[in-house]
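# Reading the structure
Chain by chain, the residues run as shown.
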Amino acid sequence: MNQISLAQDREPRRATTSAPRRDKPEPPQKTHTDYTVGWICALPVEVAASKAMLDQYHSPLPQGGNDHNVYTLGELNGHNIVIACLPSGVYGSSSASTVAAQMLNTFPAIRFSLMVGIGGGVRSYYTADVRLGDVVVSKPTSTFGGVVQYDIGKAIGGHRIQRTGVLNRPPSILLAAISRLEADHMLNQSSIPNELEAMLVKYPNMEAFSYPGAEYDLLFQPNYQHVDPNDNTCTNCSPQYLTNRRSRRTEAPRIHYGLIASGNQVIKDATTRDEIAQELGGEVLCFEMEAAGLMGDFPCLVIRGICDYADSHKNKLWQPYAAAVAAAYAKELLSVIPMTQVGNAPEARGDSNNRSFAQTPAYQDQPRIPPWQSNWEPHEPQPTAGNSSLGALSGGGLALFALLGCPDCKIVENDRLGEMWICCQCGDGPKLMSHNVECGNCHHRMRS
């Protein structure tokens, strides 16, 4: 061994220092215009199931003083999602419409919404064997756009209602997606069972959202009423009045596509359920209470997990699982919709099917109203930026406007307070209206 190598061996080795490790940079804060998918629920159990399906949570964003919703923001299959729930104890189509209007005002880039939750199933002896834990998705039929409001129209003889008008169908981007899923499910290719299993692994305390069991799926004959009103189960109901049905091979939920009946009353009577279903052509698969408030003005798809049969035997046993199944289907639906396709879709506020939401300034440009100030202020008859559209009206149009108000603003009826209005420009309301007022939020002329 030569002297040079010995010298090198005796020389102390220098400690090698690695470059300082840099932490992964925090993702940039999302803005209101980053969110493109709305997600609306009516009950806390539906919100819990929906939140459990999120891939990632986002930090909350500020809201305007007239937006009373409470949002959960997150990401699902690459889509930025806004989840909102109806106010506790305030259900029905009007409440759903108000929540959606305020959501679109705060998040102006939303392209469409999903109404995700529970509903009452209707078994069709000819078209669909709907059972508890199944999912019903609104899909246009030959007569309706996927959702029909069964309690509005003209009262005719025999205590019947002649229904007038047709609600909008879901947007094409959603109809194409459900066609894809419908084909996948025919091949027994569904991620719903895996999503439900993953939810229970991630959130062990959600055991109430697991499958209750086929032995608790009881469909009684329509003329047999629940025995004990104080009993939330059917342990005292006679099994001889059960409808005979073939057992299913698996617990996996089945997905049904068709007509959903929506109204402002809870259906808890089998005879009423079947009568309404027959009046609507025997195509109804599900009853619920909120969808009619969305389908008329918002691009939306309704997804309902079946938790009861809309009869006197209904109880809450199946509600958590039904909510979870509906949320799992919604997650699977978004997995087949490319993000670029959503980005190219028209904004919900400017959709051609939606007359109630013309383009308005972005959320950040909306004036904030102090909580002590009334949302509706007296109007002084001078030109303003918010009422420039009035100048284009003819003399007859101005006269009609002065008599009836803005034709695009939504009017809702309140049993105690009478007519209430929702502003067509920003969605604020419902509020009591009188003559000579404008919207205090966006200064749109409601009446002249």
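Quantities reported herein were computed from a predicted structural model and do not represent experimental measurements. (Residues numbered from 1 in each chain as written. Predicted model: local features only at pLDDT ≥ 70, side-chain atom pairs only at ≥ 80, totals over all residues. Heavy atoms only, no water.)

## As for the packing of aromatic side chains
All told, the structure shown has nine aromatic pairs when counted by the stated rule. Measuring from ring centre to ring centre gives 5.1 Å for Tyr 71 and Phe 107, while their planes differ by 85 degrees; the resulting arrangement is edge-to-face. With Tyr 71 in strand S3 (residues 71-76) and Phe 107 in the loop between helix H3 (93-106) and strand S5 (112-121), the pair connects residues that are 36 residues apart, well separated along the chain. Here Tyr 71 falls in the buried class, since its relative accessible area comes to 12%. Put simply, the rings of Tyr 35, Tyr 71 and Phe 107 touch in pairs and so form one group of aromatic residues. (Phe/Tyr/Trp six-rings, centres within 6.5 Å; stacked < 30°, edge-to-face > 60°. Helix = DSSP H or I, 4+ residues; strand = E, 2+ residues; numbered from the N terminus. Buried < 20%, exposed > 50% of the residue type's maximum accessible area, 1.4 Å probe, protein only.)

## Thoughts on unusual backbone geometry
The phi dihedral of Asn 77 falls on the positive side, at around 50 degrees, and the residue is not glycine. Considering the arrangement of structural elements, one finds Asn 77 in the loop between S3 and strand S4 (79-85). You will see that Ala 310, though not glycine, has its phi angle at about 55 degrees, which is positive. Secondary-structure assignment places Ala 310 in the loop between strand S12 (300-308) and helix H8 (319-335).

## Considerations on the environment of Leu 333
For Leu 333, the position within the fold is in helix H8. In sequence terms Leu 333 and Leu 174 are 159 residues apart; their C-alpha atoms lie 8.3 Å from each other. The contact partners of Leu 333, leaving out residues within four places of it in the chain, are Leu 114, Leu 174, Ala 177, Ile 178, Leu 181, Leu 301 and Ile 303. (Contact = heavy atoms within 4.5 Å.)

## Topic: the packing of helix H4 (residues 172-186) against H8
Look at H4 against H8: their axes get within 9 Å of each other, and the N-to-C directions meet at 105 degrees. When the interaxial angle is binned, H4 and H8 end up roughly perpendicular. Judged by residue contacts, Leu 174, Ala 177, Ile 178, Leu 181 and His 185 of H4 engage Tyr 329, Glu 332 and Leu 333 from H8. (Axes fitted to C-alpha atoms, helices over the stretch in contact; angles between N-to-C directions. Parallel < 35°, antiparallel > 145°, perpendicular 65-115°, else oblique.)

## Describing the confidence of the model for the chain
Averaged over all residues, the pLDDT of the chain equals 78, while 69% of them reach at least 70. Scored below 50 in pLDDT, residues 3-24 makes two contacts in the model with residues more than four places away or belonging to other chains. Contacts for the low-pLDDT stretch residues 352-404, under 50 throughout, to residues beyond four places or in other chains number 95 contacts. (pLDDT = per-residue confidence, 0-100.)

## Thoughts on the nonpolar core
Counting 89 residues, the largest nonpolar core has Trp 39, Leu 114, Tyr 329, Leu 333 and Ile 337 as the members making the most contacts within it. Broken down by element, the residue count for this core peaks at 12 residues, all from H8. Counting 13 residues, the second-largest nonpolar core is a separate cluster that includes Val 148, Leu 259, Ala 261 and Phe 287. (Core = buried A, V, L, I, M, F, W, Y, C linked by side-chain atoms within 4.5 Å.)

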